[in-house]
Structure formats: structure tokens, C-alpha cells
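Residue-level listing of the chains:
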Amino acid sequence: MYDPSLHTHCIVARNGRFFAVEFVDDNGNPLDMHVLEERLHRCIELADINHDGKEDMGDQIISMLGWLTSSDRDSWADAREELLRIGGTPMEKALEKLESGALLLCLDNERPMSKKECGDLFWTGNLSCGHNRWFDKSIQLFVTDNGKAGLQGEHSMMDGMPVIAFSDYITKQTYSHVREKSGSVIGDCMGEGVTDIFAQCKTQLSSSSNVALKSMIVKAEEDFRTLITDHEQHVESFQGYGSTLMKKMGYSPDAYAQMAIQLAVYRLHGKQVGTYEATQMRPYLHGRTETTRTVSLESAKFVQRMGMVANFNDSPSSLQEKKDLLENAVNSHVNYVTKAANGKGVDRHFLGMSMLAEGDNQLPELYSDPVFIRSKTWRVSTSHLTHPNIEHWGFGEVVADGLGVAYSIKPNSCIFNIAARKEHGWTEKLSHLLEEALLEMKAVNDPIQTSKL
């Protein structure tokens, strides 16, 4: 951790080159927009010059260092030690400069268009820009050549609510407003305030004796490629209705969406599986999250009554029965969320007890119970964040045979980002089943509705 009062720079990445950019004045106030724009242009110019296909060995290695941070923590720690061994004091200073930057802005040489293309790029950097990341940074901002923008929060430091608050602040700052606050630029500041972080390490990195480092870079890139190609994501942009109608029908939008996920997953797997929803505990000092367990007796009764196949031609009595079960399931979920938010969930307590028992080297029998283990195997990990200026967001699965389902509930739409290992072929199927579930749940609440898929 670095004291922000002692550092006044951020990091800008382009084509795998990393630059330290001074962005505040001596009083800690942001520099004028004109100055910042010139400095960003300078970063692009320097990075593109060194990415023309004529780079020497040193430049090639510098532009590949970002791959190393994508490795598992032990491998990256070993690679970092190798960098310090090779680069000595200049490398130590370079890494300190990069690590002490307030945030990382990645200027990607890409032009994504669809939600999926943006998701693939902003999730990992994809195969094209994975080296243009430094995955140790708590906050990475992304801007592409066609103006698409995204943000990544490293989870050990960032939870959903801080990300939303940060995003809210960013998206409320308009160019016109910032330009009005900016003064006129005196003189040419084009070359000032921009430092190519690893430039002083080029000679050391160019040495032909750096066989171990080169092997580490190759291995990191290969592992990254495998990780990326083994995964897939699908975006379900449901435009049928959103929070406005859910509230009108008398439901909590979040709990309603959770029941749609339960029904879709039930139809995907033929059963319910351990489902995690992150619940904020920010009112508590150092509070982060508690687990809300979506699988309940009430949600089980609801999905089992809805069945494995959607039915849009049910009798009025059956529709009323399903509606009653949906209401019970939603209310049960709301009750659990409320308890979890007030420190009355169970999973953080289970965690605390297991940590206390570690010294005795013997956990209570409960922790080895098969049902307990299965209930804590989060085959569906979910989280809800909604902001008017965030198109969609996401994260990966937490177990190999699991799904990561991030969602936003807007007034007239619902966006689900579904991630899983590609071998399962689940993401597109679950996307269809979510749409089906949302349409059927609406029909349950409106017997006159006759729309079909």
C-alpha cells in the first residue's frame, strides 16, 4: 500500500507499454483537461511508435511484461523476483512507480461494438489486449479507440458498492462541465509529466542471457490463452419489462430476478444447486458482504410447481397457485437478505468458527457433512448491481462446474451476464431459459396475458 499524499500520478497503458502520468497539481487538484488530453496523446504516440513491428528485443520484452501479472500468484511472485534480479535498482524503481499509481487507465487499440465484445475485452483484456493490463492494480479503467469504456475492480480490494459509487462519480462528470472548469494552457506541456516506466530497464531486459524471464513470459501468455479460450460469456439483454413492472406487481425486483434465475437453473440442471447472492454489510465498520442463500424451501416449491417445461396455457387455478408460490419465494428471499444485511446470515459465522477451530486441527463434524459441503459449493454465484450509465457487468464462476451470473434490473429491461467454462455449453442455454422464465412469471401474474416464446 502506498500513501496517496506522496504520489500524484496515475498509470496509462497502451500496446503493453506503461506510462506514469502526473494528473494533479502541487495542491492535489486535477490538472486542466487540456493538459491531461495532451499527456494522453503523448502516451499513445510513444506506445504506437514502439509498436510498429520494428521493435528491438528490449522493447518487445517490455511490451509483454503485463502477461506476467495474469499468472497465478506464486508464478507472478517468482517472475517479479526475476525482474528485480535482472533489472536491479532501475527495475525496483519502475515497479514502485507502477504500483504506487492511483489507478491504471488502459487505452486499448480495439473497436468493440456489441455487449459481448465489450464484455470479453473488459473482463480479461481478451487475447488481443491481455498484455495491456496490470492485474495487480485495484482499479483498471478501459477506453477503446471507438470510445467504449469499462472498469475492472480487483476483488480483494473492491466490492460492488464502491465500484458503483466510483462509476457514478465518473459518469456524472461531463466533458462540457470539466472544460468550463479548466483554464487556458500556457506553453507546450506535450512532453511534460509523462514517463515511460520501463524505459530505463531496456538494456537489462535486452540481454540474451534472460532465458528464465522469457520462458516465464511465454508460459504466462500460454496459460492466459488457455484460461480465456476455456471460458465463455453470454449477455441476455431482456427487453420485455424491468423493475417498473416488477414493483407494480408487488415484488422486490432483486428477489424476483433471483427466482427467475432459480427457475432457469432448475430447468438447465434438472435440480436446484447451491446459489450465492452477495449481500452488502457496509453499515458495519469494515463490513463487506454476507451470503444470501437463494435456495430455500419456498423457492424449491416454486420451481418444482413451475416444472421443467414452460406452460403459457395454464388454467386460472394453476396460475393462481403458481403466483402464490412465487410470492412466498420472493418474500422468503427478501427476509433472508434483510437478516444477512443485519449480520444475521450464517456463512460468515461458519467461516469465523472454522478459523477459530484451525488451531485445534479438528473442525466440528458439521463441516464434513456431505449436505453442508454441497450447500456451500456455489455452483451459481450471483450478484446484482444497477446503474443507469452501466450497460452491463460480470464475473467468472467460482467452481469449475459453476456459473457466474451478474445482473442489472433497469426500469424496462433486465441484463444478465452469464459466464462459465466453455466445455459445459451452458451460457447460451441459460440465457434462453432466463428469458423464458421471465416471460412465464409475467404470465403467472397476468392470467389474461397470452404471449408465447
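Fair warning: this is a prediction, and the values are worked out from it, not measured in the lab.

What counts as what
Residues numbered from 1 in each chain as written. Predicted model: local features only at pLDDT ≥ 70, side-chain atom pairs only at ≥ 80, totals over all residues. Heavy atoms only, no water. Helix = DSSP H or I, 4+ residues; strand = E, 2+ residues; numbered from the N terminus. Rg over C-alpha atoms; globule rule 2.2 N^0.38 Å. Buried < 20%, exposed > 50% of the residue type's maximum accessible area, 1.4 Å probe, protein only. Contact = heavy atoms within 4.5 Å. Areas by Shrake-Rupley, 256 points an atom, 1.4 Å probe, with all protein chains shown as cover. Lys, Arg positive; Asp, Glu negative; His and termini not counted. Charge placed at Lys NZ, Arg CZ, Asp CG, Glu CD. pLDDT = per-residue confidence, 0-100. Salt bridge = Lys/Arg side-chain N within 4 Å of Asp/Glu carboxyl O. Pairing = 2+ DSSP bridges. Axes fitted to C-alpha atoms, helices over the stretch in contact; angles between N-to-C directions. Core = buried A, V, L, I, M, F, W, Y, C linked by side-chain atoms within 4.5 Å.

Remarks on the overall build of the chain
- Within the chain, the regular secondary structure consists of 17 helices and 12 strands.
- For a compact globule of 453 residues, the expected C-alpha radius of gyration is about 22 Å, and the chain comes in at 25 Å, within 12% of that figure.
- Considered along the principal axes of its C-alpha atoms, the chain spans approximately 75 × 60 × 45 Å.
- By residue count, 45% of the 453 residues in the chain fall in the buried class.
- Contacts in the chain between residues at least 24 apart in sequence constitute 70% of all its contacts with a sequence separation of at least 6.
- Of the roughly 22800 Å² of accessible surface on the chain, a fraction of 54% belongs to carbon and sulfur atoms.
- Treating the 46 positive side-chain charges of the chain as one cloud and the 62 negative ones as another, the clouds have centres 5 Å apart.

Here's the deal with the confidence of the model for the chain
- The predicted model of the chain has a mean per-residue pLDDT of 92, with 96% of residues at 70 or higher.
- Below pLDDT 50 for its whole length, residues 449-453 participates in 10 contacts with residues either more than four positions away or in separate chains.

Brief notes about the pattern of salt bridges
- Scanning the entire structure with this criterion turns up 27 salt bridges.
- A salt bridge links D168 to K172; the shortest N-O distance between them is 3.1 Å. Taken together, the positions of D168 and K172, both in helix α7 (residues 160-172) and four residues apart, correspond to about one turn of that helix.
- The salt bridge partner of D401 is R379, with a shortest N-O separation of 3.5 Å. Linking D401 in the loop between β10 (380-384) and β11 (403-410) with R379 in the loop between α16 (370-375) and β10, this pair joins segments that are 22 residues apart in sequence.

Some thoughts on the sheet that holds strand β7 (residues 231-238)
- Taken in spatial order, the six strands make up an open sheet running β7-β12-β11-β10-β8-β9, and their pairing is mixed. On the outer flanks of this sheet lie β7 and β9 (289-293), each paired with one strand and no other. The mean inter-strand angle of the sheet, taken between neighbouring strand axes irrespective of direction, is 25 degrees.
- Strand direction decides the pairing type here: strand β8 (residues 275-280) and β9, joined by five bridges, are antiparallel. In the sheet register, E277 faces β9, and the bridge partner there is T292.

Structural notes on the nonpolar core
- Counting residues in each nonpolar core, the largest one holds 41 residues, and the members touching the most others are F302, L403, F416 and L430.
- Among the elements that line this core, the one with the most residues is helix α12 (residues 253-269), at 11 residues.
- Once residues within four sequence positions are removed from consideration, L430 is found in contact with A264, V265, L268, L403, V405 and I418.
- Residues W76, F135, I197 and A220 belong to the second largest nonpolar core, which totals 35 residues.

A word on the sheet that holds strand β3 (residues 104-108)
- Strands sit in the order β5-β4-β3-β1-β2-β6 across an open sheet of six strands; the sheet is mixed. With partners counted over all chains shown, the strands left at the sheet margins are β5 (149-153) and β6 (194-196), one partner each. Taken over all neighbouring pairs, the strand axes of this sheet differ in orientation by 25 degrees on average, direction set aside.
- Strand direction decides the pairing type here: strand β1 (residues 9-14) and strand β2 (residues 17-22), joined by six bridges, are antiparallel. Looking at β2, one finds that A13 is bridged to F18.

Here's the deal with unusual backbone geometry
- Of note in the backbone geometry, N15 takes a positive phi value of approximately 55 degrees without being a glycine.
- You can see N15 is positioned in the loop between β1 and β2.
- Here the phi dihedral of H286 falls at roughly 65 degrees; this positive angle occurs in a residue that is not glycine.
- Inspection of the secondary structure puts H286 in the loop between β8 and β9.
- With a relative accessible area of 73%, H286 lands in the exposed category.

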